[in-house]
Every structure is written in structure tokens, then in C-alpha cells.
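Chain and residue survey
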Amino acid sequence: MSEVTRPTLSDALTERMLELIRTGGHRPGDRLPSTRELSQRFAVTTPTLREALRRLEATGAIELRHGSGIYVGADIERLVLPNPNMREIHAAQLLELLDARILIEPPIAAMAAEHAGQEELAALGRALDEAGRHLRGEDAELHDANMTFHRATARLAGNSVLHEVVDSLLTVHGPEQREILQIFDDRRRDHDEHLSIMQAIQARDAVRAEARMRAHLVDVKTVIEQRLRTPR
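About the criteria used
Residues numbered from 1 in each chain as written. Predicted model: local features only at pLDDT ≥ 70, side-chain atom pairs only at ≥ 80, totals over all residues. Heavy atoms only, no water. Helix = DSSP H or I, 4+ residues; strand = E, 2+ residues; numbered from the N terminus. Expected span 1.5 Å × (residues − 1). Buried < 20%, exposed > 50% of the residue type's maximum accessible area, 1.4 Å probe, protein only. Arc of directions from axis to C-beta. Contact = heavy atoms within 4.5 Å. Core = buried A, V, L, I, M, F, W, Y, C linked by side-chain atoms within 4.5 Å. Pairing = 2+ DSSP bridges. Axes fitted to C-alpha atoms, helices over the stretch in contact; angles between N-to-C directions. Parallel < 35°, antiparallel > 145°, perpendicular 65-115°, else oblique. Nonpolar A, V, L, I, M, F, W, Y, C, P; charged D, E, K, R; others polar. Salt bridge = Lys/Arg side-chain N within 4 Å of Asp/Glu carboxyl O.

Taking 1.5 Å per residue, 15 residues should reach 21 Å; helix 5 (residues 118–132) reaches 21 Å between its end C-alpha atoms and fits that length. All of the buried residues in helix 5 are L121, L124, G125, A127, L128 and A131. The buried residues of helix 5 occupy an angular sector of 155° when the element is viewed end-on, so they sit on one face. Counted as exposed and oriented over 90 degrees from the buried face of helix 5: Q118, E119 and R126. Structurally, helix 5 contributes buried residues whose contacts are with helix 6 (139–156) and helix 9 (187–202).

Attention now moves to the nonpolar core. Counting 21 residues, the largest nonpolar core has L124, F149, L156, I201 and A209 as the members making the most contacts within it. Secondary-structure elements contributing two or more residues to this core are helix 4 (91–115), helix 5, helix 6, helix 9 and helix 10 (206–229). Sort the elements by how many residues they give to this core and helix 4 lands first, with five residues. If we skip the residues at most four places from it in the chain, I201 touches A109, A112, A113, L121, L124, T153, L156 and A209. By size, the runner-up hydrophobic cluster in this structure holds 17 residues, among which are L13, L20, V44 and A52.

When you tally the buried positions in helix 8 (residues 174–184), you get eight out of 11 residues, the bulk of the element. D185, located one to two residues past helix 8, shows a positive phi value of around 55°.

Turning next to the pairing of strand 1 (residues 62–65). Alignment of strand 1 against strand 2 (residues 69–72), held across four bridges, turns out to be antiparallel. Counted as the bridge partner of E63 is Y71 from strand 2. In sequence, strand 1 turns back onto strand 2 through a hairpin of three residues, with G67 there showing a positive phi of about 80°.

Here we take up the packing of helix 2 (residues 35–42) against helix 3 (residues 46–58). Where helix 2 meets helix 3, the closest approach of the two axes is 10 Å, and the angle between their N-to-C directions is 105°. With respect to helix 3, the axis of helix 2 lies roughly perpendicular. Contact with helix 2, carried on its side by T35, L38 and S39, involves T46, L49, R50 and L53 of helix 3 and no other residues of that element. Taken together, the residues of the contact of helix 2 with helix 3 sort by class into three nonpolar, three polar and one charged.

With that settled, the discussion passes to the pattern of salt bridges. A full pass over the atoms with the stated rule returns 11 salt bridges. Measuring nitrogen to oxygen at the nearest pair gives 2.7 Å for the salt bridge that ties E130 to R133. For R133, a relative accessible area of 54% puts it in the exposed group. Between D219 and R189 there is a salt bridge whose closest N-O contact spans 2.4 Å. Within this pair, whereas D219 is found in helix 10, its partner R189 is found in helix 9, the two being separated by 30 residues in sequence. By relative accessible area, D219 is classed as buried at 16%.

As C-alpha cells, then:
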């Protein structure tokens, strides 16, 4: 039987930093005490403190701004965090990604239709307006706008964990998503399907929103499967 790993000083310090943020009522963007002040407060050396700070920065809990200080990070309250490490893209991963999205996103679209407020619906429309301006070969901008649309739909569902799951999925698999756009190669059709989903959400029709999101993702997967089997 392996020995249970004991917490290191850095582990303990990381927890104490998080406790300081929570008990101090700090919010994202708030400035924290300086490195020197924190070292004195926790009675640790500067290198030990910096190791803990790097851990917290890696998860988005804090932000280290050169020449400015230490700030509470925007992701301090996130439960699901994307892994930014890049890896080689395989055809099977494209299909697995789409399978996952087919399972997750249609019910989220239904929830969006039930919960979205007017300002949120307007943001959804702005994302598609932006996408519509980039249908003639500006794929980097089109990809960003399309992903903004799917993230915004997840945000409209009113469940922060589901939003983080979709956001993390699209962030981690950004390279696959760009590859899917290239292989699908029908930007107008893709855009029209997004508009159809938005219209169902705006109409507060949860059943139609779910069906259209599923049909859209299944359509994309079907085309990708066909083109991977028969390279152009």
C-alpha cells in the first residue's frame, strides 16, 4: 500500500491564500496585499510564496500583473477549468467532440429558451451579426463569433456549471473546432442554422430550440464523417 502524500508547505499556503480571498470578501479584480506583506503575514519565504502564487495563477484564481501587484482572478469561482495544453488533432477526436456537443448542447438550448432575459437575447443576436460579417473567408473571425454564439447560448441557460462545461469544452477543443469549420466548408448553411436556433430561443420555444440545436450539430457531424471518409 502506497503512503498517503502529505500536504506540502506550498499546498497549505495555497489554501490559506484562498481562505484570505474568501474571508476578506474579495471579488475578481480586487487588489491583494503585496508579496512582501503576504510573506510576513504567513511567515514564509518569498520563493515559497511565489510557488503558491504561480499555482493560483495557473487556475485563474489570481492574476499577477507585472509592476502592479496581485489581483483576484476572473476565474476564482469557476468549478470547471480548461486545460490549455495543445495536442495533435486526430479525426476521431473531431467526431468525439461533436458527439459530446450533441449530448450536452441541445438541452442547454431548451433551458436558454426558458430562462433568457432580453439583454441576453440581444447579446446572442450581436454574436450572430458579427458572424454574418465574416462569411467570405475570414475564418478566424468567423470561428470566434460562432464560438461566442454557442457560449452565449450556454450562459442563457442560467446554470453556471453547464456554462463552464461548454466554455471549457470549446476552449480545450478550439483547434478541433477550427478544423471542423474548414472541413464542413459551408459557412452560410452553418450560419443559417445558428439563426434558426436563435429564433427558437427568442420565441421561448424550448422544444424547437432543443430540436434545432440537435439537428444543427448532427448535420455538422454527418458532413464531417462523410468528408473524412472521402477526402476532397
